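Coordinate analysis (summary)
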Amino acid sequence: MRARDVPSGRVGGRVGGGPAERGRGAGAGRNGGGGGGEVTPSAAVRTTSAGYRPRRDRLWFARTRAYTLFVLRELTSVFVAWSIVFLLMLVAAVLDGSLAGFAALAARPWMIAINVVALAATVFHAVTFLNLAPKATVVRLDGYRLPAWMIQGGNHSLWLVVSAVIAFFVLRGFQ
Amino acid sequence: MEVARYRPGQDAEPVFQGYDVPLMADWAVLDGLNHIKDQLDGSLSYRWSCRMGVCGSCGMTVNGEARLTCGTFLSEYGDGPVRIEPLKGFPVIRDLVVDIDDFLAKLSSVRPWLIREGEELPLTAEHAQTPAQLEAYKQYSMCINCLLCYSACPVYVLDPDFLGPAAIALAQRYNLDSRDMGDRFDVLGADEAVWGCTFVGECTRVCPKHVDPAEAIQRYKVTAALRSVLPWSKR
C-alpha cells in the first residue's frame, strides 16, 4: 500500500485518518481530538464537568460476572505471595539447619489446608497468566502472526517441562 | 423500555421513565428511542447519527452493558423491559447524553496523529508502506471513539484520572505505524496510563469494532518496561 503523507502534523489518510482526527459532528456536540498542543500527562488534562456524576459504587465487582471473576483472579495473588513466603521459610530452615522444625510446622493440618488452597490458587493464577500472555506478546514469523493458542501452548509446555525438571531433582533428593 | 431521565434543574438524580414501544423484529434499541422521541416524548435527549456502527455516537448502557444502540436489537431482550442508561463513568449532561470532554482531552494528550521530524518534504510526497506494515497497526485504527470501552472499564469508572483504553489504543495505532516518528512514552508510561490498567479485559469484550484495547495496553506495558531497562529502545 502507498499512503499519501504529510511531512508533519496530522494526517487524514485512508487508514491513517481514524475518527480521532476527523472531528465529531452530526449534532452530537462532539469535537475531534488532536489540536497539536503541549503533551501533558493524563491527570493534568482531566477536565471537570458540571454534569451529574453518580456516587461511587462500592459493590462494582459484584455487578457483573466478569468483574467478579477478575477480582477473584486478583485475590489469588495473595496466595501466590504466601507461596513465596513459605518457600523462603523453607530455604531459611535449610540454611539454619532447622528443617525438622519446619517440617513439623508444615505437617500441621491447618498449614496443609492453607497450602492446598494456596496450590490451587497459584495454579489458577499461573494458568490465567499464561493464557493472557498473547495479549502482551505479538510474535511474527515471516510476516505471519502466531495465533494466541500457539503462544499459550508454548507457555504451558515450557511450564510443564520446568516443573518436571524441578520435580525430578526435588523428588530424587528425598530418595 | 425503561429510560433514565435526568433533567438538570428538575431532577436531583436520574430517574427511570417507562415507555411502551412496539417490539419489531428489525428495530434496534436506537429505533425504540427514536420512536419515543418522535411519538411519545419529544423531550428525551440522546446522541445518535449514522445508525450503522460507524460514528460511535449512540453508545449507551443497555440492560447494564455498554452497547452501541444502533447495533443492539430489541428482540435480544424478549418482551422487555429494556433498561437504557447513559454510559457509566461519564458525567451526565441530560438524560442519556454524557460529557466526554475528559476523554477528548486525554485523546489529545497522546497526540493521535502521525508525527514526522527532521524533514520538510512537499505535500505530494508519499511514504511507501508494505501490507505487513499496515497490518501492524490497522486493527487499532478501527476505533470509532464510541467510549464503550471506558464505560466497561472499572478502573476508569473508579479513577477518572486513568488515561483509558481508547486513548492508549489510538496512541499505539500511531506508535506501530512505520511512518510515525513520535515518542509518546512521557504520556503512556505514566502511572495513570498503561500502568493504571489492571487487565480486566472488558474493554476488548465490549468493543464493537474488535480493536482489542486490552492488547494495545499490555503491549505497551512491555514496551515501557523495556524502555526502563533499555533506554535506547523506543518501540
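The text that follows walks through the structure, step by step, so that each part is easy to find. Remember, it's a predicted structure, so these values are computed and weren't measured experimentally. (Residues numbered from 1 in each chain as written. Chains lettered and ligands numbered in written order. Predicted model: local features only at pLDDT ≥ 70, side-chain atom pairs only at ≥ 80, totals over all residues. Heavy atoms only, no water.)

1. With respect to the packing of helix H6 (residues 165-175) of chain B against helix H9 (residues 213-229) of chain B
All names here are of chain B. In contact at an axis separation of 8 Å, H6 and H9 are set at 65° when each is read in the N-to-C sense. Note that H6 runs across H9; the crossing there is left-handed. Between H6, through Pro165, Ile168, Ala169, Gln172 and Asn175, and H9, the contact on the second element is made entirely by Pro213, Ala216, Ile217, Arg219 and Tyr220. Tallied by class, residues from the contact of H6 with H9 come to seven nonpolar, two polar and one charged. (Axes fitted to C-alpha atoms, helices over the stretch in contact; angles between N-to-C directions. Helix = DSSP H or I, 4+ residues; strand = E, 2+ residues; numbered from the N terminus. Left-handed = near helix turned anticlockwise from the far one by under 90°. Contact = heavy atoms within 4.5 Å. Nonpolar A, V, L, I, M, F, W, Y, C, P; charged D, E, K, R; others polar.)

2. Quick word on the pattern of salt bridges
All names here are of chain B. Using the criterion set out here, one finds 17 salt bridges over all chains in the structure. Measuring nitrogen to oxygen at the nearest pair gives 2.9 Å for the salt bridge that ties Arg5 to Asp41. Of this pair, Arg5 sits in strand S1 (residues 2-5) while Asp41 is found in the loop between helix H1 (29-40) and strand S3 (59-62), placing the two residues 36 residues apart along the sequence. Side by side, Arg5 and Asp41 carry an identical accessibility label, which is buried. Note that Arg94 is salt-bridged to Asp95, the shortest N-O span being 4.0 Å. You can call Arg94 partly exposed: its relative accessible area is 28%. Taken together, the shared-partner salt bridges connect Arg5, Asp41, Arg94 and Asp95 into one network. (Salt bridge = Lys/Arg side-chain N within 4 Å of Asp/Glu carboxyl O. Buried < 20%, exposed > 50% of the residue type's maximum accessible area, 1.4 Å probe, protein only.)

3. Some remarks on the packing of aromatic side chains
Per the counting criterion, the structure on display carries ten aromatic pairs over all chains. With centroids separated by 5.9 Å and ring planes inclined at 85°, the aromatic side chains of Trp60 of chain A and Phe61 of chain A adopt a geometry described as edge-to-face. Taking the centre distance of 5.8 Å and the plane angle of 45° together, the rings of Trp82 of chain A and Phe86 of chain A count as tilted. On the criterion of helical spacing, the pair formed by Trp82 of chain A and Phe86 of chain A is a turn pair, its members being four residues apart in helix H3 (residues 65-96). Aromatic ring contacts, followed pair by pair, group Phe90, Phe103, Tyr150 and Tyr156 of chain B into a single cluster. One cation-aromatic arrangement involves Arg173 of chain B over Tyr174 of chain B; the distance from NZ or CZ to the ring centre is 3.9 Å. The positively charged end of Arg227 of chain B is found above the aromatic ring belonging to Phe185 of chain B, 4.3 Å away from the centroid. (Phe/Tyr/Trp six-rings, centres within 6.5 Å; stacked < 30°, edge-to-face > 60°. Lys NZ or Arg CZ within 6 Å of the ring centre and 35° of its normal.)

4. Regarding the environment of Phe102 of chain A
Residue and element names in this part refer to chain A. Structurally, Phe102 can be placed in helix H4 (residues 99-106). A C-alpha to C-alpha distance of 9.5 Å links Phe102 and Ala92, two positions ten residues apart in sequence. In this structure, Phe102 is in contact with Phe86, Met89, Leu90 and Ala93, ignoring residues within four places of it in sequence.

5. Overview of the nonpolar core
Inside soluble globular proteins, nonpolar side chains tend to come together where they are buried. Residue and element names in this part refer to chain B. If you look at the biggest cluster of nonpolar residues, it comprises 67 residues, and the most contacted ones within it are Met1, Val3, Leu33, Ile84 and Tyr150. If you tally residues by element for this core, the top one is H6, at six residues. Residue-level mapping places this core at the junction of two domains, with at least three residues from each of domain 1 (2-98) and domain 2 (101-229). (Core = buried A, V, L, I, M, F, W, Y, C linked by side-chain atoms within 4.5 Å. Domains from an automatic or database assignment.)

6. Brief notes about helix H2 (residues 101-109) of chain B
Note: α-helices contain 3.6 residues per turn, so residues at a spacing of three or four share the same orientation. Along H2 of chain B, the positions that sit buried rather than exposed are Asp102, Phe103, Leu104, Lys106, Leu107 and Ser109 of chain B. A positive backbone phi angle near 50° is found at Arg111 of chain B, which sits one or two residues after H2 of chain B.

Any link to function would need more than the numbers given here.
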